[in-house]
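Commentary on secondary and tertiary structure
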Amino acid sequence: MSTTAPGAAVTTRGRTVLVAENLGRSYHGNAVVSAVDLTIPAGQTVAVLGPSGAGKSTMLRCLAGLEPLETGSVGFQGELLSKAGSTPRSVGGRIGMVFQQFNLFPHLTATENVALAPVRVRGVPRQRAREEAHTLLERVGLAERRDHYPYELSGGQQQRVAIARALAMSPELMLFDEPTSALDPEFTREVLAVMRDLADSGMTIVVVTHEMGFARQSADRVVFMADGRIVEDGPAETLFTTPRRERTRVFFEQILGDSDPRRVGP
Ligand SMILES: Nc1ncnc2c1ncn2[C@@H]1O[C@H](COP(=O)(O)OP(=O)(O)OP(=O)(O)O)[C@@H](O)[C@H]1O
Ligand SMILES: [Mg+2]
């Protein structure tokens, strides 16, 4: 393995945010992620698609430095984040993560949930963190709900608070793992709208999703995974219309034939 951080050269040109090389991870001897190579340029929105059990969540966690690697390495902003055989380095909120479950603190208001990490982790003065939280909550369409507790918010609203909370740490990369799959369709739409705004604002995003409309319309690129590997990686429109691999074609045929409207709508 190279001693320099993967991606160092390209990152100095300001072009590459994350480089994963030969990622491998197994559980109980079963390979879950194998030989994954992935380069994420700044400003790109990448949708990761694939059947259940394909290893999408595990790969995302590897990218975030939340999983020890068995093979390979992850470079983030020109620095080595993670490599096989050692504990991943922590980059704190520089990589923002949003999961299917919102995991908000139930005893804190929306504002307090968003302001917490900047105050605790970054030492931002409380008043300034609150003002920034208000701005972020406004950005995700929750200005009126900023003093509400999680139990007073819908799932979609809670997920938007979770997005604002990640944004409060000024992330250089946002990773989403099925952020809408626990939501009803009407709430799914509002969360996807926030994600689309984020993508349009130039944020670098990797999102695991079953929302085919979102992937097709809002992602620049689609990575299709099956059996722990990247089967196909290319422009979203190309994968949807003219996939090169039979495995990809079969997946889209099955998914787009699904009667669940969330899978085909934007
Ligand atoms: N902590 C764990 N311990 C053991 N096996 C695990 C663990 N996490 C994941 N796995 C297994 O690894 C495989 C890939 O899981 P992963 O959650 O990455 O898939 P996925 O593509 O995200 O699936 P889904 O679409 O259902 O979320 C699955 O077979 C799963 O059972
Ligand atoms: Mg998953």
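Residues numbered from 1 in each chain as written. Chains lettered and ligands numbered in written order. Predicted model: local features only at pLDDT ≥ 70, side-chain atom pairs only at ≥ 80, totals over all residues. Heavy atoms only, no water.

Quick look at the site of ligand 1
Neighbouring residues of ligand 1: 13 residues in total, closest Ser52, Gly53, Lys56, Ser57 and Thr58. A distance of 2.6 Å separates an oxygen atom of ligand 1 from a polar side-chain atom of serine 52. At a separation of 3.1 Å, an oxygen atom of ligand 1 approaches a polar backbone atom of alanine 54. In the complex, the protein chains occlude 58% of the 640 Å² of accessible area that ligand 1 would expose alone. Counting residues per element, the shell around ligand 1 draws most heavily on helix H2 (residues 56–63), which supplies three residues. Looking at the shell around ligand 1, its residues break down into four nonpolar, seven polar and two charged. (Near = heavy atom within 4 Å. Polar contact = N/O pair within 3.5 Å; in protein donor to acceptor, adjacent residues only side chain to side chain. Areas by Shrake-Rupley, 256 points an atom, 1.4 Å probe, with all protein chains shown as cover. Helix = DSSP H or I, 4+ residues; strand = E, 2+ residues; numbered from the N terminus. Nonpolar A, V, L, I, M, F, W, Y, C, P; charged D, E, K, R; others polar.)

A few points about the confidence of the model for the protein
Averaged over all residues, the pLDDT of the protein is 90; the fraction at 70 or higher stands at 91%. Per-element averaging of pLDDT across the protein places helix H1 (residues 8–12) at the bottom with 36 and strand E8 (residues 205–208) at the top with 98. Segment residues 259–266: pLDDT under 50, and 22 contacts once partners within four positions in sequence are set aside and those in other chains are kept. (pLDDT = per-residue confidence, 0-100. Contact = heavy atoms within 4.5 Å.)

What to know about the nonpolar core
Of all hydrophobic cores here, the largest spans 50 residues; its most connected members are Leu49, Ile163, Met174 and Phe176. Grouped together as the second largest cluster of nonpolar side chains are 30 residues, Ala64, Val74, Ile95 and Met225 included. (Core = buried A, V, L, I, M, F, W, Y, C linked by side-chain atoms within 4.5 Å. Buried < 20%, exposed > 50% of the residue type's maximum accessible area, 1.4 Å probe, protein only.)

Regarding the pairing of strand E1 (residues 16–27)
Among the twelve residues that make up E1, nine are buried, leaving the element largely enclosed by the rest of the structure. By the bridge criterion, eight bridges tie E1 to strand E2 (residues 30–41) in an arrangement that is antiparallel. Directly across from serine 26, in E2, lies its bridge partner alanine 31. Joining the antiparallel neighbours E1 and E2 is a turn of two residues, in which histidine 28 adopts a positive phi near 50°. Sheet topology note: the E1/strand E4 (residues 71–76) ladder contains five bridges and is antiparallel. Within E4, the position partnered with alanine 20 by the bridge is valine 74. (Pairing = 2+ DSSP bridges.)

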